[in-house]
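Here are the chains, one letter per residue:
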Amino acid sequence: MNEIKHHLTDKILLGYAAGTLPEAFSLVVATHISMCDECRARLGAFDAIGGTLLESSDDLMDGNMPAVDFDATLERIEAGSGDEEAEKSAPIEAPESASTLPVALQNYIGGDLDAVKWRPVGMGVRQAILKTSRSASVRLLHIPAGTAVPDHGHHGTEMTIVLQGAFRDEFDRFGPGDVEIATEDLEHTPVAEEGVDCICLAATDAPLKFNGLLQRIAQPFLKI
Amino acid sequence: MLTGALLNEKPDAMPGLAPHGVQPEGKRKGFQRRKVPADVNTDTHWVEIVARIRQSQDQAAFAELFQHFAPRVKAFLIKSGADAGMAEECAQDVMATLWRKAHLFDPSRASVATWIFTIARNRRIDMLRKERRPEPDELTWGPAPEPDAADVMELQQENNRLAEAMAELPEKQRVLIQKAYFGDLSHSEIAEQTGLPLGTIKSRIRLALERLRHVMK
């Protein structure tokens, strides 16, 4: 396991544990945790808070605990109902090879990296938007080694995880598994390191704003 | 799978299930928080119940799990904004999932309540928000067939300490956290929480993960 330096924040982990994070961000979280035991353990702690709240939920009902139909539940089990849902949320076995993407992410791509349907967005950069609920969006970015991602600021929050290669901006370096969380006030110029092309997964709750005029014109067509 | 014989039986005829097990809990005034007899080791009681379901598809164990947790799951869902019908549907579904997925529970990493919470949360996202829930890849080497008993005990005790520490948080902060977990706050409304008593339980889980990697490699 490579050394991950930039982790998820407590706020993000709490939102993921509570189930209120937009799907696009949850995908970045699930991808990171698939690569990072430290954050997997931290998530376990936030899940444990949920457990204590579930355990004490009777305190909030003023003694009026709702009944649940036991017989109907047995019939459900007998009928095999719940199987489908259970399969969907069942933990997925991680593939043997370390070079492949986490299965959590492959489920959204419909395969590994070679299945990604890339679209050029200029300057050699390619992207592929993944389908999630509309409250936020998430896309894969392919940045050729040594290339700068166009100078950009941010509306809202953007969360990026490196899957391959690395990038640097004016402040830090981000390698595989590292998560960068950018907010409104960050204007930076990420540059992919020399060597391997950089592939990232980036979620945002607002469209990126590019500073160059041409890019601003192109933006509506590029869906970014 | 449950046998047909069981389904034809009245649940209250099942061994180990108290006759009041399927009565509407609302009718029982002064509902006791812990239904577990005092001589039972409460730290690992539910872990043993789930182990019985996993190992021998023990129906009495499932009935006990149901009696304790099904109303709590439903209450949690109602507090999360589900109407009564959806909460009932969802709670049944969660309980059915527990029966089928008992083998996936790892007591060295979570309490039974925590495990049930995660399943209920995921169903809530499915049903209320109609969204998919991306889940981290499960560890290929876990759960271990026989998790270390001391590890399990320590984790379960750590959970009890967490519950106590949560109860001691300032009222205002506790209510905020409840709201966050019941989905009453959007993510942007959630403030960075400081002073949450999470350090020790995180360290236990981290240790369990390292041990799993070590043992199973």
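No experiment lies behind these values; they were computed from the predicted model shown.

Details of the pairing of strand E2 (residues 125-130) of chain A
All names here are of chain A. Pairing of strand E1 (residues 119-122) with E2 involves 3 bridges; the strand directions are antiparallel. Considered in E2, the bridge of Arg119 is made with Gln127. Linking E1 to E2, which pair antiparallel, is a turn of 2 residues; within it Met123 sits at a positive phi near 60°. Summarising the sheet, E2 and strand E3 (residues 137-143) pair through 5 bridges and their orientation is antiparallel. Along E3, the bridge assignment pairs Ile129 with Arg139. Taking the residues between adjacent antiparallel strands as the criterion, E2 and E3 are bridged by 6 residues.

Concerning the packing of aromatic side chains
Under the defined criterion, the tally for this structure stands at 10 aromatic pairs over all chains. By way of ring pairs, the aromatic residues Phe70(A), Phe62(B), Phe66(B) and Trp99(B) are connected into one cluster. Over the ring of Tyr16(A) we find Arg133(B), and its NZ or CZ is 3.6 Å from the ring centre.

Considerations on the side chain of Asp137(B)
By the element assignment, Asp137(B) lies in the loop between helix H5 (112-128) and helix H6 (149-167). No salt bridge is formed by the buried Asp137(B); its nearest oppositely charged neighbour, Arg40(A), is found at 6.8 Å. Within the local environment of Asp137(B), its side chain forms a polar contact with the backbone nitrogen of Val103(A), the two atoms lying 2.7 Å apart.

Overview of the nonpolar core
In this structure, Ile49(A), Leu140(A), Leu201(A), Leu65(B), Ile116(B) and Tyr181(B) are the most contacted members of the largest nonpolar core, which totals 103 residues. Broken down by element, the residue count for this core peaks at 10 residues, all from helix H3 (residues 59-79) of chain B. When neighbours within four sequence positions are excluded, Tyr181(B) is seen to be in contact with Leu14(A), Ala17(A), Ala18(A), Phe46(A), Ile49(A), Gly50(A), Leu53(A), Phe76(B), Phe117(B) and Arg124(B). Listed in part, the 11 residues of the second largest apolar core include Val125(A), Ile143(A), Val149(A) and Phe167(A).

Considering helix H2 (residues 23-35) of chain A
With 13 residues, H2(A) should cover 18 Å at 1.5 Å per step; its first-to-last C-alpha distance of 19 Å lies within 8% of that length. Most of H2(A) is tucked away, with 13 of its 13 residues classed as buried.

A short note on the pattern of salt bridges
Residue and element names in this part refer to chain B. All chains considered together, the criterion is met by 25 salt bridges over all chains. A salt bridge links Asp126 to Arg123; the shortest N-O distance between them is 2.8 Å. You can see Asp126 and its partner Arg123 sitting in helix H5, 3 residues apart, about one turn around the helix. Look at Asp126 and you get partly exposed, because its relative accessible area is 22%.

Rules used in this analysis
- Residues numbered from 1 in each chain as written.
- Chains lettered and ligands numbered in written order.
- Predicted model: local features only at pLDDT ≥ 70, side-chain atom pairs only at ≥ 80, totals over all residues.
- Heavy atoms only, no water.
- Pairing = 2+ DSSP bridges.
- Helix = DSSP H or I, 4+ residues; strand = E, 2+ residues; numbered from the N terminus.
- Phe/Tyr/Trp six-rings, centres within 6.5 Å; stacked < 30°, edge-to-face > 60°.
- Lys NZ or Arg CZ within 6 Å of the ring centre and 35° of its normal.
- Buried < 20%, exposed > 50% of the residue type's maximum accessible area, 1.4 Å probe, protein only.
- Lys, Arg positive; Asp, Glu negative; His and termini not counted.
- Salt bridge = Lys/Arg side-chain N within 4 Å of Asp/Glu carboxyl O.
- Polar contact = N/O pair within 3.5 Å; in protein donor to acceptor, adjacent residues only side chain to side chain.
- Core = buried A, V, L, I, M, F, W, Y, C linked by side-chain atoms within 4.5 Å.
- Contact = heavy atoms within 4.5 Å.
- Expected span 1.5 Å × (residues − 1).

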